[in-house]
Amino acid sequence: MTDKSTLSARTVTMDDVAAACGVTKSTVSRTLRRPEKVSPDTRKKVEQVMKKLGYVYNPLASWLSQPRSNLLGVMYSLRLNAIYADTLALIDTLASEAGHEVMFAMTNGLPEKEKDALIRMRQYQASAIICLEATSGAEEMLLAAQRDGYPCLLLHQTPLSPELNFVGPDLTRTSYLAACELAG
């Protein structure tokens with residue numbers, strides 16, 4: 001069994017934990033991500049060895065080995081509308097309840113910041129991307145991501161491209177009601 005003092009010069013890996021427990025790396029991974037799939041005795045042994053060795057689970061490393069992570073990318077701008085704060089808080093709460101981490105990127109409608117944020121979200125293999133307010137360049141990148149199989153959603157804004165998923169106000173009905181009010 002490897003002890004903590006011999007590993008102090010480097011980071012303890014999942015392989016180290018597996019070797020110290022006499023189990024496979026898959027069993028250690030399953031203990032961390034799906035503990036109900038591991039027998040209670042094995043789970044207890046793996047957890048004790050992780051603690052003894054000082055193993056720190058890195059979900060990002062785990063996500064990178066998967067086609068998608070449980071990371072939700074949210075890009076937003078607070079330039080125009082303070083209501084976004086409530087929307088962002090709700091997204092964060094609901095994502096957390098569903099077991100997702102949220103990566104927020106405030107771009108303030110700057111095309112270069114939007115591009116960088118979307119690239120980072122795809123690099124981190126976000127499972128979905130939500131955008132509150134986007135420039136036409138960001139819309140094109142969202143549409144490309146959507147075509148690549150990423151669930152993408154534009155909020156509070158009707159997109160230039162009809163193929164891009166969006167949720168926003170019905171401006172036609174709102175304009176009609178406003179015109180009726182003014183005419184009445």
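## A look at the packing of helix α2 (residues 14-21) against helix α4 (residues 40-53)
Turning to step 1, where the next piece is worked out: Between α2 and α4, whose axes approach to 9 Å, the crossing angle comes to 120°. Relative to α4, the element α2 is oriented oblique. When you trace α2 past α4, the crossing you get is right-handed. Residues Asp 16, Val 17, Ala 20 and Cys 21 of α2 touch α4, and the partners they reach there are Lys 45, Val 46, Val 49, Met 50 and Leu 53.

## Focus on the pattern of salt bridges
Turning to step 1, where the next piece is worked out: Tallied over the entire structure, the rule returns 3 salt bridges.
Turning to step 2, where the next piece is worked out: Between Arg 34 and Glu 36 there is a salt bridge; the shortest N-O distance is 3.0 Å.
Turning to step 3, where the next piece is worked out: By relative accessible area, which is 43% here, Arg 34 ends up partly exposed.
Turning to step 4, where the next piece is worked out: Between Arg 122 and Asp 148 there is a salt bridge whose closest N-O contact spans 2.6 Å. One end of the pair, Arg 122, is in helix α7 (residues 111-123); the other, Asp 148, is in the loop between α8 (136-147) and β4 (152-155), with 26 residues separating them in the sequence.
Turning to step 5, where the next piece is worked out: On the accessibility criterion, Arg 122 (29% relative accessible area) is partly exposed.
Turning to step 6, where the next piece is worked out: Residue classification places Asp 148 among the partly exposed residues on the basis of a relative accessible area of 48%.

## A closer look at the state of the cysteines
Turning to step 1, where the next piece is worked out: With the rule as written, the count across this model stands at 0 disulfides.
Turning to step 2, where the next piece is worked out: In this model Cys 131 remains outside any disulfide bridge; the closest cysteine sulfur is found in Cys 152, 9.2 Å from its own.
Turning to step 3, where the next piece is worked out: A residue is classified by how much of its surface remains accessible, and Cys 131, at 0% relative accessible area, is buried.

## Section: unusual backbone geometry
Turning to step 1, where the next piece is worked out: A positive phi angle is found at Asn 108, which is not glycine, with a value near 50°.
Turning to step 2, where the next piece is worked out: Within the secondary structure, Asn 108 sits in the loop between β2 (101-106) and α7.
Turning to step 3, where the next piece is worked out: At Gln 125, a residue that is not glycine, the phi angle is positive and equals roughly 55°.
Turning to step 4, where the next piece is worked out: Examined against the element boundaries, Gln 125 turns out to sit in the loop between α7 and β3 (128-132).
Turning to step 5, where the next piece is worked out: According to the relative accessible area criterion, Gln 125 is buried, its value standing at 17%.

## Concerning the nonpolar core
Turning to step 1, where the next piece is worked out: By size, the foremost hydrophobic cluster in this structure holds 19 residues, and its most contacted members are Met 75, Leu 118, Met 121, Ile 129, Leu 142 and Cys 152.
Turning to step 2, where the next piece is worked out: Among the secondary structure elements, those contributing two or more residues to this core are β1 (71-76), β2, α7, β3, α8 and β4.
Turning to step 3, where the next piece is worked out: Per-element tally for this core: the top contributor is α8, with 4 residues.
Turning to step 4, where the next piece is worked out: Excluding its chain neighbours within four sequence positions, the residues that come into contact with Met 121 are Gly 73, Val 74, Met 75, Met 103, Ala 105, Ala 126 and Ile 129.

## Here we look at α4
Turning to step 1, where the next piece is worked out: With 14 residues, α4 extends 20 Å between its outermost C-alpha atoms, agreeing within 8% with the 20 Å of an ideal straight helix rising 1.5 Å per residue.
Turning to step 2, where the next piece is worked out: All buried positions along α4 are accounted for by Val 46, Val 49, Met 50 and Leu 53. One side of α4 holds all its buried residues, which, seen down the axis, span an arc of 105°. Residues of α4 that are exposed and point over 90 degrees away from its buried face: Pro 40, Asp 41, Lys 44 and Lys 51.
Turning to step 3, where the next piece is worked out: Remark: Gly 54 follows α4 within two positions and exhibits a positive phi of approximately 80°.

## As for the environment of Ala 95
Turning to step 1, where the next piece is worked out: Inspection of the secondary structure puts Ala 95 in helix α6 (residues 84-97).
Turning to step 2, where the next piece is worked out: If we ignore the near neighbours within four places in the chain, the residues touching Ala 95 are Leu 72, His 100 and Val 102.

Parameters at a glance
For every chain, the first residue of its written sequence is number 1, and the numbers climb from 1 along that sequence. Predicted model: local features are reported for residues with pLDDT of at least 70 only, side-chain atom pairs are reported and counted for 80 or more only, and whole-chain, interface and lining totals are derived from all residues. Side-chain measures here rest on the full set of heavy atoms in the structure, leaving out hydrogens and waters. A fitted line through C-alpha atoms represents every axis, and for helices the fit uses only the stretch in contact; the resulting angles, taken between N-to-C directions, go from 0 to 180 degrees. Starting at the N terminus, helices and strands are each numbered in turn, a helix being any DSSP run of H or I of at least four residues and a strand any DSSP run of E of at least two. Should an angle fall under 35 degrees it is taken as roughly parallel, and over 145 as roughly antiparallel, whereas 65 to 115 is taken as roughly perpendicular and any remaining angle as oblique. For any helix crossing, the convention is left-handed if the near helix is rotated counterclockwise from the far helix by under a right angle, and right-handed if that rotation is clockwise. Any two residues having at least one pair of non-hydrogen atoms within 4.5 Å are treated as being in contact. Each salt bridge in this description consists of a side-chain nitrogen of Lys or Arg and a carboxyl oxygen of Asp or Glu lying within 4 Å of one another. Buried residues are those whose accessible area, probed at 1.4 Å on protein chains only, stays under 20% of the maximum for their type, while exposed residues exceed 50% and partly exposed ones sit between those limits. Here, two cysteine sulfur atoms that lie within 2.5 Å of each other are counted as a disulfide. Among buried residues, those of type Ala, Val, Leu, Ile, Met, Phe, Trp, Tyr and Cys that are joined through side-chain atoms within 4.5 Å constitute a nonpolar core. A helix is expected to reach a length of 1.5 Å times the quantity of its residues less one. The directions considered for the arc run from the helix axis to the C-beta atoms.

That is the geometry; function is a separate question.
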